[in-house]
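Single-letter residue listing:
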Amino acid sequence: EAQVTQNPRYLITVTGKKLTVTCSQNMNHEYMSWYRQDPGLGLRQIYYSMNVEVTDKGDVPEGYKVSRKEKRNFPLILESPSPNQTSLYFCASSSLTGGRTEAFFGQGTRLTVV
Amino acid sequence: GDSVTQMEGPVTLSEEAFLTINCTYTATGYPSLFWYVQYPGEGLQLLLKATKADDKGSNKGFEATYRKETTSFHLEKGSVQVSDSAVYFCALYHTGGFKTIFGAGTRLFVKA
């Protein structure tokens, strides 16, 4: 089954404690991205990657890091989380070839930073 | 830059009512347009799409037509069900930018 898997689904952490949210896709997609979803703001892109070792900032990259060492994985790293990073996070992947441009989303990670 | 504007919610309807959720966009060229749906506790999933002007996307009784002259992609359904209660996102994809841009989302409540 084609899917994007994020872990964990829920996370409560304290300010300043480094954390990583994992994302993996099994569709051999080139493009992967991270979004955060906040009430009234829709989805805002944090970082994206067009292929292995190719990453770039989205609209709200401050306080986040990513890496793309393998095509299937795209972890999101918060080196020193702060309460304003409390949000619902989604990983997504899509193909850059074949005309299929729709995004496939993970189930989401609800992060609370206290 | 490119942007998507959709009507604010929440929208509350009775079962079997007609649904319209407005969506307009700003973009250069010819982006692809999408509607995604997010059911409670889940990620977004593609509902329908249209890739060129005058195309109509349809799925599960929902329809939307790509109107270049009005830069719109309104979502419609003739008879909603309780199970359609969800958040609906309009989005555009520009090949040149390799990025999907989302509207703010519209929450739909359908009452039995």
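In case you missed it, the structure is sitting above this.
Read on for a plain summary of the structure. Note that the coordinates shown come from a computational prediction; the quantities given were computed from them, not determined experimentally.

A tally of regular secondary structure across chain A gives zero helices and eleven strands. When the helices and strands of chain A are placed in sequence order, the string is β-β-β-β-β-β-β-β-β-β-β. In terms of C-alpha radius of gyration, chain A reaches 13 Å, essentially the compact-globule figure of 13 Å for 114 residues. Principal-axis analysis of the C-alpha atoms gives chain A an extent of 45 × 30 × 25 Å. The buried share among the 114 residues of chain A stands at 51%. Expressed as a percentage of contacts within chain A between residues at least 6 apart in sequence, the contacts between residues at least 24 apart total 52%. If you sum the accessible surface of chain A, you get close to 5,500 Å²; carbon and sulfur atoms cover 50% of it. The averaged location of the 10 negative side-chain charges in chain A is 6 Å from the averaged location of its 13 positive side-chain charges.

We now examine the interface of chain A and chain B. Taken together, the contact between chain A and chain B spans 22 residues of the former and 18 residues of the latter. For the pair chain A and chain B, the summed buried area comes to about 1,600 Å², and 54% of that belongs to carbon and sulfur atoms. It is Thr101, Glu102 and Phe105 of chain A in chain A that bury the most area against chain B; as a group they hold 30% of the surface buried on that side. The interface formed by chain A and chain B holds one salt bridge in total. Lys49 of chain B is the partner of Glu102 of chain A in a salt bridge, and the nearest nitrogen-oxygen pair spans 2.9 Å. Run the count over chain A and chain B and you get four residue pairs in polar contact (both at pLDDT 80 or more). Counting residues per element, the ones that place at least two in the side of chain A that touches chain B are strand S4 (31-38), strand S5 (42-51) and strand S9 (87-94) of chain A. Looking at the side of chain A that touches chain B residue by residue, the class counts come to ten nonpolar, eight polar and four charged.

On to the sheet that holds strand S7 (residues 65-66) of chain A. Residues and elements named next belong to chain A. Pairing is antiparallel across the open sheet formed by four strands, whose spatial order is S1-S3-S8-S7. Among the strands making up the open sheet, the edge pair consists of strand S1 (4-7) and S7. Bridging between strand S3 (residues 19-25) and strand S8 (residues 76-78) involves three bridges; their strand directions are antiparallel. In the sheet register, Val21 faces S8, and the bridge partner there is Leu76.

The rules behind the values
Residues numbered from 1 in each chain as written. Chains lettered and ligands numbered in written order. Predicted model: local features only at pLDDT ≥ 70, side-chain atom pairs only at ≥ 80, totals over all residues. Heavy atoms only, no water. Helix = DSSP H or I, 4+ residues; strand = E, 2+ residues; numbered from the N terminus. Rg over C-alpha atoms; globule rule 2.2 N^0.38 Å. Buried < 20%, exposed > 50% of the residue type's maximum accessible area, 1.4 Å probe, protein only. Contact = heavy atoms within 4.5 Å. Areas by Shrake-Rupley, 256 points an atom, 1.4 Å probe, with all protein chains shown as cover. Lys, Arg positive; Asp, Glu negative; His and termini not counted. Charge placed at Lys NZ, Arg CZ, Asp CG, Glu CD. Buried area = accessible area lost by both parts, 1.4 Å probe. Salt bridge = Lys/Arg side-chain N within 4 Å of Asp/Glu carboxyl O. Polar contact = N/O pair within 3.5 Å; in protein donor to acceptor, adjacent residues only side chain to side chain. Nonpolar A, V, L, I, M, F, W, Y, C, P; charged D, E, K, R; others polar. Pairing = 2+ DSSP bridges.

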